[in-house]
Amino acid sequence: MTTASAFLPFTRPTIDEETIAAVGEVLRSGWITTGPKNAAFEALLSEYFGGRPVRTFNSGTCTMEIGLRIAGVKPGDEVITTPISWPATANVIIEVGATPVFADIDPVTRNIDLDKLEAAITPRTRAIIPVFLSGLPVDMDRLYAIADKHKLRVIEDAAQALGSTWKGKRIGSFGDLVSFSFQVNKNITTGEGGCLVLNNLEEARLAEKYRLQGVTRSGVDGIDVDVLGGKYNMSDILAVIGLGQMKHVEAVTAKRAELARHYFDCFGPDFEARTGAQLPLQAFDTSNFHLFQIILPDRGPGTRADFMTRMQKEHNIGTGYHYAPIHLFTLYRERGFKEGMFPISEKIGRLTVTLPMFNSMTKDEVERVVAAVNAILTAEAPAQ
Ligand SMILES: *Cc1c(COP(=O)(O)O)cnc(C)c1O
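The numbers attached to residues start from 1 for each chain and follow its sequence in the written order. Only residues with pLDDT of at least 70 are given local features in this predicted model, and only at 80 or more are side-chain atom pairs given and counted; all residues enter the totals for whole chains, interfaces and linings. For side-chain calculations, the full set of non-hydrogen atoms in the structure is used, while hydrogens and water are omitted.

Undergrad: Looking at this structure, how should I read the site of the ligand?
TA: Any residue with a heavy atom lying within 4 Å of a molecule or strand is counted as near it. The ligand sits among 16 residues. The nearest are Gly60, Thr61, Asp157, Ser181 and Lys186. The side chain of glutamine 160 places a nitrogen or oxygen atom 2.8 Å from an oxygen atom of the ligand. Lysine 186 has a polar side-chain atom sitting 3.1 Å from an oxygen atom of the ligand. Relative to its unbound accessible area of 380 Å², the ligand is 93% covered by the protein chains. A per-class count over the shell around the ligand returns 5 nonpolar, 9 polar and 2 charged. Each polar contact in these results corresponds to two N or O atoms within 3.5 Å; when the atoms are within protein, one needs to be able to donate a hydrogen and the other to accept it, and residues that are neighboring in sequence are counted only if both atoms are side-chain atoms. Using a 1.4 Å probe, accessible areas were evaluated by the Shrake-Rupley method; residue-level cover was limited to the displayed protein chains. Amino acids are sorted into nonpolar (Ala, Val, Leu, Ile, Met, Phe, Trp, Tyr, Cys and Pro), charged (Asp, Glu, Lys and Arg) and polar (every other residue, Gly among them).

Undergrad: How should the pairing of strand S1 (residues 54–57) be read in this particular structure?
TA: It is a general feature of regular strands that their side chains alternate between the two faces of the sheet. Exposed residues in this analysis have more than 50% of their type's maximum accessible area, buried residues have under 20%, and partly exposed residues fall in between, with area computed by a 1.4 Å probe over protein chains only. In this description a helix means any DSSP run of H or I spanning at least four residues, a strand means any run of E spanning at least two, and both kinds are numbered starting from the N terminus. Covered by surrounding structure in S1 are Val54 and Thr56 together with Arg55 and Phe57, the residues of both alternating faces. Here S1 pairs with strand S9 (residues 194–197) via 4 bridges, running antiparallel. Within S9, the position partnered with threonine 56 by the bridge is cysteine 195. DSSP calls a pair of strands paired once it identifies at least 2 bridges connecting them.

Undergrad: I tried to follow the sheet that holds strand S3 (residues 99–102) on my own but got confused; where do I start?
TA: Note on sheets: strands pair through backbone hydrogen bonds, and any given pair is parallel or antiparallel. Strand order in the open sheet formed by 7 strands is S1-S9-S8-S5-S4-S2-S3, with mixed pairing between adjacent strands. Looking at the sheet topology across the chains shown, the edges are occupied by S1 and S3. Averaged over all neighbouring strand pairs, the angle between strand axes comes to 25 degrees, with direction disregarded. The pairing of strand S2 (residues 78–81) with strand S4 (residues 125–129) spans 4 bridges and is classified as parallel. The residue bridging isoleucine 80 from the neighbouring strand is isoleucine 128, located in S4. Residues count as neighbours in contact if any of their non-hydrogen atoms are within 4.5 Å of one another. Note on definitions: angles span 0 to 180 degrees between N-to-C directions of axes, and those axes are lines fitted to C-alpha atoms, for helices only across the stretch in contact. Across the sheet, helix H2 (residues 36–48) lies against S1 and S9, angled at about 130 degrees from S1, the strand it touches most.

Undergrad: Would you explain the pattern of salt bridges in this entry?
TA: One side-chain nitrogen of Lys or Arg within 4 Å of one carboxyl oxygen of Asp or Glu is enough to make a salt bridge. Across all of its chains, the model carries 21 salt bridges by this definition. Here arginine 153 ties to glutamate 203 by a salt bridge, and the two come within 3.1 Å at their closest N and O atoms. Within this pair, whereas arginine 153 is found in strand S5 (residues 153–157), its partner glutamate 203 is found in helix H7 (residues 201–211), the two being separated by 50 residues in sequence. What you see here is one network of salt bridges that share partners, running through Asp115, Glu118, Arg142 and Lys149.

Undergrad: Looking at this structure, how should I read the packing of H2 against helix H8 (residues 236–246)?
TA: Packed helices, taken two at a time, are described by the angle between their axes plus the distance between the axes. Put simply, H2 and H8 touch, their axes get as near as 8 Å, and they point 35 degrees apart. Regarding H2 and H8, the two cross each other, and that crossing is left-handed. Listed contacts from H8 to Pro36, Lys37, Asn38, Ala40, Phe41, Leu44, Leu45 and Tyr48 of H2 are Asp236, Ala239, Val240, Gly242, Leu243 and Met246. Note on convention: the crossing is left-handed when the near helix lies turned anticlockwise from the far helix by less than a right angle, right-handed when the turn is clockwise.

Undergrad: I would appreciate a short explanation of the domain arrangement of the protein in the present structure.
TA: Accessible area lost upon the coming together of the parts serves often as the stated size of an interface. Domain start and stop points were drawn from an automatic or database domain assignment. Once the domains are mapped, the protein shows domain 1 (17–246) and domain 2 (249–377). Computed from C-alpha atoms alone, the centre-to-centre distance between domain 1 and domain 2 is 25 Å. Opposite the 40 residues of domain 1 that make contact, domain 2 presents 38 residues. Buried area is understood as the total, over both parts, of accessible area removed when two parts are fitted together, assessed with a 1.4 Å probe. Roughly 3,200 Å² is buried in total at the junction of domain 1 and domain 2, and carbon and sulfur atoms are behind 57% of that figure. Counting the surface domain 1 buries against domain 2, the share from its top three residues, Phe102, Arg110 and Asn187, is 22%. Counting across the interface, domain 1 meets domain 2 through 1 salt bridge. In this structure, arginine 170 engages glutamate 250 in a salt bridge whose closest nitrogen and oxygen atoms are separated by 2.7 Å. Counting every contact that joins domain 1 to domain 2 gives 20 residue pairs in polar contact (both at pLDDT 80 or more). When contributions to the side of domain 1 that touches domain 2 are tallied by element, the ones reaching two or more residues are helix H4 (88–95), S3, strand S6 (165–166) and H8. Here the side of domain 1 that touches domain 2 takes 3 residues from H4, the largest share from any one element. Looking at side-chain class alone, the side of domain 1 that touches domain 2 contains 22 nonpolar, 13 polar and 5 charged residues.

Written as C-alpha cells, this is what we have:
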C-alpha cells in the first residue's frame with residue numbers, strides 16, 4: 001500500500017519568525033557567548049519556577065551531572081534511578097564516580113515504582129533520580145516523604161516535564177534539585193541546552209563554577225579556580241531561542257493536552273480490548289504529554305520493529321521508542337546487570353512505541369495516526 005500523504009514525523013520543533021530574527025540580532029551584536037540573553041533567560045525561568053534560582057547549561061545531561069555534584073554525590077555513593085530513560089540519566093551517575101542502582105518501573109505510570117525505590121535504599125544511598133517519563137510526574141508527596149525519611153538528595157530528571165504540575169504546582173517550583181532539558185525534541189527547545197532549579201544562591205554560585213572550569217572571580221585583579229568545573233555554559237545564541245520559546249509554554253502545554261485528548265477520543269474506550277495494546281494514563285491534571293506512548297500487544301520478538309516499519313512503509317508515519325532498558329546496555333552488563341533483573345522495564349522497553357506528538361501537530365494528523373495504528377493492530381498478519 002502506498003499513500004499520498006506527506007511524511008508525518010513523531011516530533012518536529014516549532015520556532016517562530018520573531019525568534020529567528022532575534023537569533024540574527026544576537027549574531028550581529030558582537031556578543032554571542034554567555035551574556036545578557038542568558039541572564040534574561042535565567043531570570044525568566046526563575047520567575048516561571050516561582051522565584052527559585054535557575055542556572056542554564058549546554059545540555060540536560062550536564063545539568064544532571066552538575067546537580068549530582070552540587071548534591072555532594074561522590075565515588076562510593078549509590079544513586080537510585082529507573083531503567084527506562086535516556087542513557088543520560090544513569091550515565092551521569094557513573095560520570096561522577098558513583099554507583100547506579102536501578103529500581104523497576106510501575107507498569108501503569110511507566111515511571112520508577114516508589115515501593116521498589118524505597119526497597120533499594122542501602123546505607124550507601126546518597127541520592128535518587130526519578131524520571132518523569134513523557135512528562136508524567138511520580139507521586140511527588142511520596143517521593144519527598146521517602147527522601148526525607150532516608151535523608152537523600154533528589155535530582156529530578158524533569159527533562160520531559162516542563163509545564164507538568166503536581167497538585168496545581170509546576171514541576172520545578174518545589175522540591176530539591178530539578179533538571180530540565182531544552183534538547184530539540186522537548187516541548188520547549190533551545191536546540192541543545194538545559195537548566196537546573198536550585199535551592200539557594202549558594203548552590204547557584206556553585207553551579208556557575210561547575211559550568212565554567214571552577215573559575216571564581218576574586219576582585220578586579222584576577223581569577224582563581226577552587227573546584228573542578230567543565231565547559232557547560234549556554235551561549236546567548238541558544239538563550240535567545242529559549243526566550244522566544246518560553247513565550248509559548250502555556251499554549252504548547254494546552255495544545256498537547258488537546259492533542260492527547262483527541263488521541264484518547266479517537267482510539268475510543270474499546271481500543272485496549274479490541275487490540276490488546278495499552279494507552280498511556282489520562283493524566284490531564286499533571287502531565288504535559290511530552291510523548292504519547294502506547295504499549296504494543298506482544299506478538300513475539302520483532303513486534304515493535306514490525307509495527308514501526310509498517311507505520312513508516314504503509315502509512316508514511318514516523319514513530320520512535322523511549323526507551324530501551326538502560327541496564328541491558330553493554331556498559332551496564334559489564335557492571336553486573338543482566339536480563340531478568342527488572343522484568344517490567346524489560347517488557348515495556350521491548351513493546352513501547354512513541355506516536356507522533358508535537359506542538360504544531362493537527363487534529364487531522366492525530367486521526368491519521370489512529371487510523372494507521374488501528375489498521376495495523378487489527379489486521380491479520382501480512383501474507384509472506
Ligand atoms: C532529553 C533527556 C535527557 C537529556 O537531555 P539532553 O539535553 O539531551 O542532554 C535526560 N533525560 C531524559 C528523560 C530526557 O528525555
